[in-house]
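Overview (structure and organization)
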Amino acid sequence: MTDVLLKLHDVTRRFGGLTAVAGVSTDINKSEIFGIIGPNGAGKTTLFNVIAGYFPPSSGKVVFDETDISGQSSDRIARRGIGRTFQAVTVFQDHTARENLRRAAMVTRRYNPLVYFSSRNAGDESEVLQKMAQFTGLEPVLDNRAGSLSYGQQKMLGIGMALMGRPRLLLMDEPAAGLHTSEKKEAAQLIRRLRDELGITIVLVEHDMPLVMSVCDRILVLNRGTPLALGNPAQIKADQTVIDAYLGEEYDFA
Amino acid sequence: MIEQIIVNGILASLIYILMALGFTLIFGIMRIVNFAHGEFYMIGAMVMLMLFGSMGLPYFLAVLLAGLLGGLLGVVAERLLFRPLVGDELAGMIMSLAIGIILQSAILLTFGPAEQSVTRPFSGTWHLFSAAVPWDRTVVAICALLILVIFYLFMKYARLGLAMQAVAQDPETASLVGIEPGTVYASAFGLACLMAGLAGALMAPVYTVGPYMGELPMLKAFVVVILGGLGSLPGAVLGGLLIGLSESVVTTLFSSTIALIVSFVLVLMIVVVRPTGLLGRGAR
Amino acid sequence: MRNRYLYLILVVLALVPWLLGNRYVFHVATMITIMIPMALSMNLMLKIGQLSIAQPAFMGIGAYGSALLAMRLGVPPVLALLAGALIATAIAVVVGPLFLRIKGVYFVLLTYAFGQIVNLVFQEWTTLFGGNNGLYGIPKFSIFGVRLTQSPHYYALGLLLLALFYALMRRIERSDIGAIFESLNENEMLSRSMGSDALGWRIGSFALSAFIAGVSGGVYAFYIGFLSPETFGFLMSVDLIVVNAIGGVASALGPVVGAILILPLPELLRDAREYQLLIYGVCLVVFLLFFRQGLVVFLQRKRRA
């Protein structure tokens, strides 16, 4: 049994004449926290979306746990055990946090329409729901309307929802976006806990350098669609080509 | 034989183009699928019946008045009924449906369901190679061409025409530049209905006139516009020619019903494969 | 809670034809019981956020299908009815994956084109469908050897099917399927990221709506005994839209209420049948401008306020 959960083989994605991502190959190991960074326009989001199933790769393969998932639809990929969070707050605003989590739990049920026919108050997911509510600290606000929660809480809810499907791999799209400094520290802690306590492998795309450096085991740096460097935070910080690529942008590598 | 097919095709195309241009203009600018478009055609024809058939006004004057009346009706409909629904594509579509059935019922109640004839202003045929071309359809064709040329010049050079194109491309920027979208909506809708009314008036003496006569032209306009691309004016012209000619071929070889089936199958294929049609822009 | 009063009224209304005993009233009532499932069929599609005007075409497929199976192949009416509806469902399943990737206005146009094609085929293929002159001589419906010969029988049959389909729709609404539909409508990207097979659910809805329409078509065929392509044209879609718009989309009760209010109108104004469309048109305009959410929601809101 290999330790690699996600393999990217020479992944390329073109949009018409524009090559957004070219020749990305890397292995992501189980229980790893893997970061993808790069200056603006580097192709991080495109790569993320290819993995998550929003576009098929123009060439190359995405292999999840020894199954080729290239080009599969986003919902199929979700059902395989790959969850994702969104950069902007994405929750069902008019429903309670509890209802949001409950809806997210549906993916864990066996895929049989008749099962869904049963009443809305099926109890089987309430255990998992409680656990996730505790994990994300949302217990006190479970019965509040999602739209009334604070930005940070809504982001937490988004993460909780992604967790309800009990994913083995979690794709996080700029988890620190829009958070205050203190909230960012909490986010970093949460990401570590996701791996330590729940055994989830994490791939995140991020702009916030302190977070990335503090939380990731390995980092892939993209520049203009092509891989620039791959290594642990210390290696990346010291890599001259990476520093050069970021020249002209304000980043604190500390 | 071939010349006849081509001539028939082109004669039909011109009317389809008139209908399609209006239809696509409304969609391009207001994102409304105007299911009532055929009814404005029918109203043009009914007005022609009254003015030219009954009251004996001169032909060209009657055509003009019929068109203007249709246009006026369109402006009123837009202002009162469509304006409140701007942005809601589905509601706009359903509203056009409602207007269509109201117009059809109104005419049905006023004139009865029977089809009537309008005396032909011109008779006889002339020959283009081996094809027989009726004079009345020739006049229709010439008038249609004239209308198309005027329409083209209007869109290209008149301020209102350019404003319409601007709103179709990007309504927000257009309003920033000072173009009042309301005026554009009303004019575009009025213009489209004017053209439909003119088409109906021109065709009134060719076949018969009745409350249901708008349904078929509406179907054809629909097919043409989907083919050419919803919102594309050149697409409407290209689509009109293609549909008019292909229909002529299929009708001669098989039947008009089969021609219609072929057209709709074409619509299905286009919407599924390339919804923007031949010349349309990407959907917003 | 409030719905109980509404249900009571509906049950009482349902009994009216027997109280009046008038054959004409039974006819109108039977037609309503055939059209309400059609309205529900459109409502089901509206629940996934799509307006489908293919429903009359599916009704026609069910109607011609059951009629021909009973007439030409001697299939017993109950089986023929089911088979006709299943043919409609099968066609929906075949075109579904193609159509349901498209959304919004373009989807409506697709169903419009589809409906026109089906209609034209009914008109053109005269050897099979009888063309514009119609298909005559459809046998009477019979269950377990009992032949249904009179309106009241068909009314009862219609009521039974109507109740069944309505119950089904309500169950779907209240169940997790309803929650999934809501989620897909609210935020498809989010729902799919949680694993909801958006296309699959849409095809399922489309297929079920086709089945319901097909059954209604079959019942219509056996009841009237005669079919013509005109019936299953665009105009019926107008009726269905009016009923759903006025009754309201949010709950299956909406089209039921809408149908009961709207569908008898042309019969009440029997001498002025031409006014029917005019009234529909005006009602539609009024509702689009002022009550876009539909009557049922409007009434429910009023009670809450």
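Let me begin by describing the structure that accompanies this report. These numbers were taken from a predicted model, which means no experiment stands behind them. (Residues numbered from 1 in each chain as written. Chains lettered and ligands numbered in written order. Predicted model: local features only at pLDDT ≥ 70, side-chain atom pairs only at ≥ 80, totals over all residues. Heavy atoms only, no water.)

A word on the environment of I226 of chain B
What counts, and what does not: Secondary structure elements are defined from DSSP: runs of H or I of at least 4 residues count as helices, runs of E of at least 2 residues count as strands, and each element is numbered from the N terminus. Only protein chains enter the accessibility calculation, which uses a 1.4 Å probe. A residue is then buried if its area is under 20% of the maximum for its type, exposed if over 50%, and partly exposed in between. Pairs of residues are marked as contacts when any of their non-hydrogen atoms sit within 4.5 Å.
Position of I226 of chain B among the secondary structure elements: in helix α9 (residues 215–228). By relative accessible area, which is 2% here, I226 of chain B ends up buried. When the C-alpha positions of I226 of chain B and L21 of chain B are compared, they lie 12 Å apart, and in sequence the two are 205 residues distant. Residues in contact with I226 of chain B, not counting those within four places in the same chain, are V267, I270, V271 and G277 of chain B together with L109 of chain C.

Here's the deal with unusual backbone geometry
Negative phi characterises most residues that are not glycine, and trans characterises most peptide bonds. Residue and element names in this part refer to chain A. In this structure, E66 is a non-glycine residue whose phi angle is positive, near 65 degrees. Note that E66 resides in the loop between β4 (59–64) and β5 (67–68). A relative accessible area of 60% means that E66 is categorised as exposed. The backbone phi angle of R224 is positive, close to 50 degrees, even though this residue is not glycine. Mapped onto the elements of the fold, R224 is located in the loop between β9 (218–223) and β10 (226–231). For R224, a relative accessible area of 71% translates into the label exposed.

A short note on the sheet that holds strand β1 (residues 4–15) of chain A
All names here are of chain A. Worth spelling out the cut-off: Whether two strands pair depends on DSSP finding at least two bridges between them.
Taken in spatial order, the 4 strands of this open sheet run β2-β1-β4-β5, and their pairing is antiparallel. Single-partner strands in this sheet number two, and they are β2 (18–29) and β5. Strand direction decides the pairing type here: β1 and β4, joined by 5 bridges, are antiparallel. Across the sheet, residue T12 finds its bridge partner in β4, namely S59.

Remarks on helix α12 (residues 253–262) of chain C
Buried residues dominate α12 of chain C, accounting for 8 of its 10 residues. By the burial criterion, the buried members of α12 of chain C are L253, G254, P255, V256, V257, G258, A259 and I262 of chain C.

Details of the pattern of salt bridges
Residues and elements named next belong to chain C. As a reminder of what qualifies: Each salt bridge in this description consists of a side-chain nitrogen of Lys or Arg and a carboxyl oxygen of Asp or Glu lying within 4 Å of one another.
Here the structure, examined in full by the defined rule, presents 27 salt bridges over all chains. Here K47 ties to E173 by a salt bridge, and the two come within 2.7 Å at their closest N and O atoms. A residue pair is termed long-range when its members are at least 10 positions apart, and K47 in helix α2 (residues 23–47) and E173 in helix α7 (residues 151–174) qualify at 126 residues. Owing to a relative accessible area of 11%, K47 belongs among the buried residues under this scheme. The closest approach of N and O atoms between E173 and R170, which form a salt bridge, is 2.9 Å.

Remarks on the arrangement of the chains
There are 2 pairs of chains in contact here, and the one with the most contacts is chains B and C. Spatially, chain A and chain B are disjoint, and the shortest separation between their C-alpha atoms is 14 Å.

Section: the sheet that holds strand β7 (residues 169–173) of chain A
Residue and element names in this part refer to chain A. To keep things clear, this is the line we draw: Axes, fitted as lines to C-alpha atoms, cover a helix only where it is in contact. Angles between the N-to-C directions of the axes lie from 0 to 180 degrees.
The 6 strands lie next to each other as β6-β7-β8-β3-β9-β10, forming an open sheet whose pairing is mixed. Both outer strands of the open sheet, β6 (82–85) and β10, are each paired with one neighbouring strand and no more. Mean inter-strand twist for the sheet, computed between neighbouring axes without regard to direction, equals 20 degrees. Here β6 runs beside β7; their pairing, made up of 4 bridges, is parallel. Among the inter-strand pairings, G83 is bridged to a residue of β7, identified as L170. In the packing of helix α1 (residues 44–52) onto the sheet, the strands contacted are β3 (33–37), β6, β7, β8 (201–205) and β9, and the crossing angle to β7 comes to about 150 degrees.

Describing a nonpolar patch on the surface
Residue and element names in this part refer to chain B. Spelled out, the test is: Any residue with relative accessible area above 30% and no salt bridge may belong to a patch, with like charges joined within 9 Å and the nonpolar Val, Leu, Ile, Met, Phe, Trp and Tyr side chains within 5 Å. Areas reported as accessible are Shrake-Rupley estimates using a 1.4 Å probe. Residue values count occlusion only from the protein chains shown.
Nonpolar side chains collect at one region of the surface, where M1, I2, I6, I10, V237, L241 and L245 lie side by side and expose about 600 Å² of accessible area between them. Those elements giving two or more residues to the nonpolar patch turn out to be α1 (2–30) and α10 (233–253). Look at I2 and you get exposed, because its relative accessible area is 59%.

A short note on the interface of chain B and chain C
Threshold: Note on definitions: buried area is the accessible-area loss of two parts on being combined, 1.4 Å probe, summed for both. The definition of a polar contact used here is a pair of N or O atoms within 3.5 Å, where within protein one atom must be able to donate a hydrogen and the other to accept one, and adjacent residues in sequence count solely through side-chain atom pairs.
Across the boundary between the two partners, chain B contributes 40 residues, which contact 32 residues of chain C. Of all residues in chain B, the largest losses of buried area upon contact with chain C belong to I101, L109 and L268 of chain B, amounting jointly to 16% of the total for that side. Counting every contact that joins chain B to chain C gives 0 salt bridges. Here chain B is connected to chain C by 3 residue pairs in polar contact (both at pLDDT 80 or more). Elements supplying a minimum of two residues to the side of chain B that touches chain C: α3 (59–82), α4 (89–111), α9 and α11 (256–273) of chain B.

Notes on the nonpolar core
As a reminder of what qualifies: What is meant by a nonpolar core is a set of buried Ala, Val, Leu, Ile, Met, Phe, Trp, Tyr and Cys residues, joined one to another through side-chain atoms within 4.5 Å.
Among the nonpolar cores identified, the biggest contains 211 residues, and I29, F222 and F264 of chain B together with F58 and L227 of chain C are the most heavily contacted of them. With 17 residues, the top contributor of residues to this core is α1 of chain B. The contacts of F58 of chain C, once residues within four sequence positions are left out, are A88, I91, A92, F114, F206, A210, A213 and G214 of chain C. L211, C216, I219 and V242 of chain A belong to the second largest nonpolar core, which has 50 residues in total.

Some words on the environment of T12 of chain A
Residue and element names in this part refer to chain A. Turning to its location among the elements, T12 is positioned in strand β1. Residues T12 and S59 lie 47 residues apart in sequence; the distance between their C-alpha atoms is 5.2 Å. Residues in contact with T12, not counting those within four places in the same chain, are T19, V21, A22, G23, P57, S58 and S59. One polar contact links the side chain of T12 to the main-chain amide nitrogen of G23, over a distance of 3.2 Å.

So, the side chain of T30 of chain C
For T30 of chain C, the location among the structural elements is in helix α2. Here T30 of chain C falls in the buried class, since its relative accessible area comes to 0%.

Considering empty space enclosed by the protein
Note the cut-off: Method remark: on a 1 Å grid restricted to protein atoms, a set of points is classed as a cavity if a 1.4 Å probe fits but cannot get out and as a pocket if it is open with protein on both sides within 12 Å along at least five of seven lines; lining residues have an atom within 4 Å of a point. Grid points are joined across faces, edges and corners, and a volume is the space filled by probe spheres set on the points.
Counted by the stated rule, this structure contains 8 cavities of 30 Å³ or more. Considering only enclosed or pocket space, the second largest cavity measures out at about 80 Å³ in volume. Together, 13 residues line the second largest cavity, and G83, A162 and G165 of chain A together with S193 and M194 of chain C are the ones closest to its centre. Of all the secondary structure elements, the ones that give two or more residues to the lining of the second largest cavity are β6 and α6 (151–164) of chain A. Considering each element in turn, the lining of the second largest cavity owes the most residues, 3 residues, to β6 of chain A.

Some points on the packing of aromatic side chains
Basically, it comes down to this: In this analysis, rings of Phe, Tyr and Trp, with Trp reduced to its six-membered ring, are considered paired at centre separations within 6.5 Å, and the interplanar angle assigns stacked below 30 degrees, edge-to-face beyond 60, and tilted for intermediate values. Lysine and arginine charges are scored as sitting over a ring when NZ or CZ, respectively, is within 6 Å of the ring centre and within 35 degrees of the ring normal.
Summed over all chains, the structure comprises 31 aromatic pairs over all chains. Residues F35 of chain B and Y112 of chain C carry aromatic rings whose centres are separated by 5.4 Å and whose planes lie at 75 degrees to one another, so their mutual orientation is edge-to-face. Of this pair, F35 of chain B sits in the loop between α1 and α2 (37–54) while Y112 of chain C sits in helix α5 (residues 104–124), placing the two residues on different chains. Taken as a pair, F35 of chain B and Y112 of chain C share a single burial class, namely buried. Centroid distance F222 of chain B to Y112 of chain C: 4.9 Å. Interplanar angle 90 degrees. Geometry classified as edge-to-face. Here F222 of chain B, found in helix α9, pairs with Y112 of chain C, found in helix α5, and the two come from separate chains. Each of the two residues, F222 of chain B as well as Y112 of chain C, counts as buried. Put simply, the rings of Y64, F122, W125, F129, Y220 and F232 of chain C pair up and form one aromatic cluster. Above the face of the F135 of chain A ring, R193 of chain A is positioned so that its terminal group lies 4.2 Å from the ring centre.

Here we look at the interface of chain A and chain C
Our working definition: Under the grouping applied here, Gly and all other residues not named as nonpolar or charged are polar, the nonpolar ones being Ala, Val, Leu, Ile, Met, Phe, Trp, Tyr, Cys and Pro and the charged ones Asp, Glu, Lys and Arg.
On the chain C side, the residues contacting the 27 residues of chain A number 26 residues. Both sides together, the interface formed by chain A and chain C hides about 2300 Å², and carbon and sulfur atoms give 58% of it. Where chain A packs against chain C, one counts 5 salt bridges. Of the charged contacts, one joins E186 of chain C and R103 of chain A as a salt bridge, the two residues approaching to 3.8 Å between their closest N and O atoms. Here chain A and chain C share 7 residue pairs in polar contact (both at pLDDT 80 or more) between them. Mapped onto the side of chain A that touches chain C, the elements with two or more residues apiece are α2 (74–79), α3 (97–105) and α4 (113–116) of chain A. Within the side of chain A that touches chain C, the residues separate by chemical class into 13 nonpolar, 7 polar and 7 charged.

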